[in-house]
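Results of the structural survey
Below, each chain spelled out in residue letters.
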Amino acid sequence: MESLVEVQRGAAAIKEQFLTTKEKFHEFLASGRLRQSTDEADGDSEEPSGEPEQKRVRLDSDGDKKKKKRGQNKSRPHVKPQSYEDRRLCPSIVQERDTKCFYGEKCRFLHDVSEYMSTKAADLSDQCYLFNSFGWCQYGVTCRFAKAHTSPELKNLRNQDLCRRSTDTVRNLLDKELQRRLRKKQERFPGAEAYLKTYAGTIFHSKLRFWSVLQDGADAPVKTVGPITDTDIIKLRPCEKKQVDFRDKLYLAPLTTCGNLPFRRVCKRFGADITCGEMAMCTNLLQGQTSEWALLKRHASEDLFGVQLEGCFPDTMTRCAELLNQNIDVDFVDINSGCPIDLVYKKGGGCGLMTRTSKFEQIVKGMNSVLDVPLTVKIRTGVQQNCSIAHKLITEMKKWGVSLITLHGRSREQRYTKSADWEYIDTCSKLATPVPLFGNGDILSYEDAMKARETGVSGIMVARGALIKPWLFTEIKENRHWDISSGERLDILRDFTNYGLEHWGSDTQGVEKTRSFLLEWLSFLCRYIPVGLLERVPQKINERPPFYMGRDYMESLMASQHVDDWIQISEMLLGPVPKNFSFLPKHKANAYK
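Residues numbered from 1 in each chain as written. Predicted model: local features only at pLDDT ≥ 70, side-chain atom pairs only at ≥ 80, totals over all residues. Heavy atoms only, no water.

Here's the deal with the nonpolar core
By size, the foremost hydrophobic cluster in this structure holds 139 residues, and its most contacted members are Ile 335, Met 367, Met 397, Leu 493 and Trp 521. Considering every element that reaches this core, the biggest residue donor is helix H21 (residues 508-525), with eight residues. When residues of this core are assigned to domains, at least three fall in each of domain 1 (91-171) and domain 2 (250-482). Each residue touching Leu 493, except ones within four places of it in the same chain, is listed here: Leu 518, Trp 521, Leu 522, Leu 525, Met 558, Ile 569 and Leu 573. Counting residues in each nonpolar core, the second largest holds five residues, with Leu 89, Val 94, Leu 110 and Tyr 116 among its members. (Core = buried A, V, L, I, M, F, W, Y, C linked by side-chain atoms within 4.5 Å. Buried < 20%, exposed > 50% of the residue type's maximum accessible area, 1.4 Å probe, protein only. Helix = DSSP H or I, 4+ residues; strand = E, 2+ residues; numbered from the N terminus. Domains from an automatic or database assignment. Contact = heavy atoms within 4.5 Å.)

As C-alpha cells, then:
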C-alpha cells in the first residue's frame, strides 16, 4: 500500500491521513513556535540534536563498523547542581528571622534586599501556587511569583485563614539531630547488632565444627554469644507485624529520577493503589545525606507507600532497615534486586544479589528481624538472557519470610530490547503461592493488564507505561481507552509543575529543578500516540511512533522527540529558561526493536 511515508518495521500503525515526513513535521512545529529562534539557524542542513557538541554520543574510533551506543546517553556527564543566580539572598533575610545571620560578615550571601531585587530575574506570574494553597510562601521575595505575597515594603504577606486550615502534607523529613548523629556515627542499632552477632556466631560455629570434624571427628562445644536479654525473647512474630493487603492492586514502580513525589501525586490522582519511593542507597542513608533522605519523603495522598533500598551487605542493609523503622512512616520496605546498571551490579547490588544467594538470605532475614512492617523484594528473571533463575530463588525466598515478590519479566542483559516473558511470570506466580507475586513488564493499556491478570499474578506493577501515559491507571480500572486531548495532557503537566514548586521550591533554583524533572518526564511522554490517531488499538509499548501530525498544534508538539520542543513546552508552564540553562535527557527514546 502506498502511503505518504514509508513506515519502518516495528512502528505503530497510525491512520494514513495523520502520517507525515520528518522534514514536514519539524517544519510545521517551527512555523508555530511561540518563541524566537534566530540563534538556532547555523546553516546546517541536518536536524539539530539538542545536545551540546561535546556531549554527543561518540562513534567507535576505528573505520570499520561504526555503531552508536544505544539506550542511554552514555556520554552524559555527572554535573553538580547549577546556580542560576549570581548572588543569592541569605536565608536569614528570606525567612525574616529576628536574630542576625549566624555567619555574620563571613556570610557569602547577600543581606541587602534592594540589591538582590535589582539582579533578581523577572517574576513568572502574579499568582503563587504556594500562597494560594497554604496562605504563605516560605521563599518570600526570592519566590518567582513574589508579586502575589509581597508588600510594597518587600515584606512577606500571610493569609491567616489559609494558614490555619493548611496542615503538613509531607512526611518522612530528615531530623537535624538525627542527621548530626549519623554523620558523627553516634546512632545506635541494637536490633541490627543483635542479629549480626548471631549471624557472625553462626558462621564461626559452622567453621569451627567443620575443622574439628576434620581433625578428630568430634563436634566442638558451641560457644554462646552472650546473655539472653528481653529484646531477644520479646520479638514480633511474623503474624504480629503490620499486615498489608497487596492483592489485586495497581502498583506504581519505584522509578529512578522520574518516580519523584510530584509524579507519584499525579499517578495517585489517576488511580494508582501502591506507590514506592525511588531507589535509595543504604550507605548514603546511614551517612545522613540530605539528597538521599529526600527520596523517602511521603505525601499525604500516598495511603499505601513503601521505600526501596539498595545494598549488598547484611550489616549495612540491616542497620538501614532499623534506622528507617524507627524514624519514618512507611507501610513496607522493598529490597532492590533488579537494578541492571553497572554501577550497582558490579559491586554486588541490584541484580547482583540474585547470584549471591547466601548474602541475599542474610540480608532478608536481618532486615526482617528489625522491621515492624512487611519486607518485599523486586527481582528480574535473571542476569543472562537465556538463563532464568528467578524460579529457583522464589522457592527460597518463601522460606526467608518475604511478604511480596515483584518479578520483572526480563533479564539484566535484555534491558528493554525484548518483550517481557509473561509465561515465565505465570510459572513463578504458582511457585510463589501463598506469597503474593506481582508481574511487571510491557503494560501500556487495559488489554495488556487483562492479559496479565489471566496469569496467576496477585497484582500488576506499572513502570514505563505510567511514564508514557499516567492516566493508564484510570484506563485499567474503567476498562476503556481514554482518547485524552492535548489540553487535558497540558493540564496534567501544569499540575506536575505546581506539585514540583511545592516540593522543590518556587525560587529560581526550585523552578529550574522542577523544569529539569519535567523535561526528563517529557522524554517518555513523547512516546504516547493519541488513541484517535491509531489504525489499530491499543498502542504497544515496543512500537516506535512514526512521524505524524496531531489533531492540533499542541498534540503535534507533544509528539516531538526533540529536546528543544520539550523545552518549549516547559516554557509554557515555567517561563523562559535562563541563559546558562542546558539539558541532556538521561534516556533516549530507544525501547524499541
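Focus on the UniProt feature "zinc finger region: C3H1-type" (unreviewed entry) in the protein chain
As recorded in UniProt, the sites labelled "zinc finger region: C3H1-type" (unreviewed entry) are residues 84-114 and 127-152. End C-alpha atoms of residues 84-114 are separated by 19 Å, and the span's content is 19% helix alongside 0% strand. This span, residues 127-152, is 23% helix and 0% strand, and a straight line between its end C-alpha atoms measures 16 Å. (UniProt positions renumbered as here; feature names shortened; annotations may be inferred.)

Some thoughts on the pattern of salt bridges
Counted according to the given criterion, the structure contains 31 salt bridges. The shortest N-O distance in the salt bridge between Asp 442 and Arg 410 comes to 2.2 Å. Of this pair, Asp 442 sits in the loop between strand E10 (437-440) and helix H17 (446-453) while Arg 410 sits in the loop between strand E9 (404-408) and helix H16 (422-432), and the two are 32 residues apart along the sequence. Among the residues examined, Asp 442 registers a relative accessible area of 18% and is labelled buried. Connected via shared salt-bridge partners are Arg 171, Arg 298, Asp 329 and Asp 331. (Salt bridge = Lys/Arg side-chain N within 4 Å of Asp/Glu carboxyl O.)

Considerations on helix H15 (residues 390-400)
All of the buried residues in H15 are Ala 390, Leu 393, Ile 394, Met 397 and Trp 400. Around the axis of H15, the buried residues are gathered within 110 degrees of arc, so they sit on the same side. Along H15, the residues that are exposed and aim more than 90 degrees away from the buried face are Lys 392 and Lys 399. Packed against the buried residues of H15 are helix H14 (357-370), strand E8 (375-380), E9, H16 and E10. Just downstream of H15 lies Gly 401, where phi reads positive at about 105 degrees. (Arc of directions from axis to C-beta.)

Quick look at the packing of helix H9 (residues 261-269) against helix H20 (residues 486-504)
With their axes 8 Å apart at the nearest point, H9 and H20 run at an angle of 135 degrees to one another. One way to sum up the angle between H9 and H20 is to call them oblique. Where H9 crosses over H20, the two elements pack in a sense that is right-handed. For the pair H9 and H20, contact is made by Leu 261, Pro 262, Phe 263, Arg 265, Val 266 and Arg 269 and by Ile 492, Asp 495, Phe 496, Tyr 499, Gly 500, Glu 502, His 503 and Trp 504, respectively. Class assignment for the residues of the contact of H9 with H20 results in eight nonpolar, two polar and four charged. (Axes fitted to C-alpha atoms, helices over the stretch in contact; angles between N-to-C directions. Parallel < 35°, antiparallel > 145°, perpendicular 65-115°, else oblique. Left-handed = near helix turned anticlockwise from the far one by under 90°. Nonpolar A, V, L, I, M, F, W, Y, C, P; charged D, E, K, R; others polar.)

Overview of helix H12 (residues 314-327)
Taking 1.5 Å per residue as the helical rise, H12 with its 14 residues ought to reach 20 Å, and the 20 Å between its terminal C-alpha atoms agrees with that figure. Taken together, the buried positions of H12 are Pro 314, Thr 316, Met 317, Thr 318, Cys 320, Ala 321, Glu 322, Leu 323 and Leu 324. (Expected span 1.5 Å × (residues − 1).)

Concerning the packing of H20 against H21
Packing of H20 against H21 brings their axes to within 9 Å, and their N-to-C directions diverge by 145 degrees. Two packed elements cross with a definite hand, and for H20 against H21 that hand is right-handed. On the side of H20, the interface is formed by Arg 489, Ile 492, Leu 493, Phe 496, Thr 497, Gly 500, Leu 501 and Trp 504, while H21 contributes Gly 510, Val 511, Lys 513, Thr 514, Phe 517, Leu 518, Trp 521, Leu 522 and Leu 525. Residue classes in the contact of H20 with H21 are distributed as 11 nonpolar, four polar and two charged.

What about the environment of Ala 280?
Positionally, Ala 280 belongs in strand E4 (residues 280-281). Given a relative accessible area of 0%, Ala 280 falls into the buried group. Every residue in contact with Ala 280, bar those within four places of it in the chain, is listed here: Leu 285, Glu 292, Leu 295, Leu 296, Gln 308, Leu 309 and Glu 310.

What to know about the packing of aromatic side chains
Where two aromatic rings form a pair, the distance of their centres and the angle of their planes describe that pair. Under the definition given, this model contains 13 aromatic pairs. Taking 5.6 Å as the distance between ring centres and 55 degrees as the angle between the ring planes, the aromatic pair formed by Phe 25 and Phe 547 counts as tilted. Here the residue Phe 25 occupies a position in helix H1 (residues 22-31), and Phe 547 occupies one in the loop between H21 and helix H22 (553-558), the gap between them amounting to 522 residues. For Phe 25, a relative accessible area of 2% puts it in the buried group. Measuring from centroid to centroid gives 5.7 Å for Phe 246 and Phe 332, while their planes differ by 75 degrees, and the two rings are edge-to-face. Here Phe 246 is found in the loop between helix H8 (230-233) and strand E2 (250-252), whereas its partner Phe 332 is found in strand E7 (residues 332-337), with 86 residues between them in sequence. Taking the relative accessible area as the measure of exposure, Phe 246 reaches 4% and is therefore buried. A connected cluster of aromatic rings, assembled from ring pairs, spans Phe 246, Tyr 251, Phe 332 and Phe 438. The ring of Tyr 345 is capped by Arg 412, whose NZ or CZ atom sits 3.9 Å from the centre of that ring. (Phe/Tyr/Trp six-rings, centres within 6.5 Å; stacked < 30°, edge-to-face > 60°. Lys NZ or Arg CZ within 6 Å of the ring centre and 35° of its normal.)

Topic: the pairing of E10
Burial along E10 is two-sided: Leu 437 and Gly 439 facing one way and Phe 438 and Asn 440 facing the other are all buried. With four bridges connecting them, E9 and E10 associate as parallel partners. By the bridge assignment, His 408 is partnered in E10 with Asn 440. You can see the chain leave E9, run along H16 and come back into E10, and the turn it takes is right-handed. Looking at chain direction, E10 and strand E11 (residues 459-462) are connected through three bridges and run parallel. Bridge assignment links Gly 439 to a residue of E11, and that residue is Ile 460. Between the parallel elements E10 and E11, the chain passes through H17 in a crossover that is right-handed. (Pairing = 2+ DSSP bridges. Right-handed = clockwise from strand over helix to strand, strands pointing away.)

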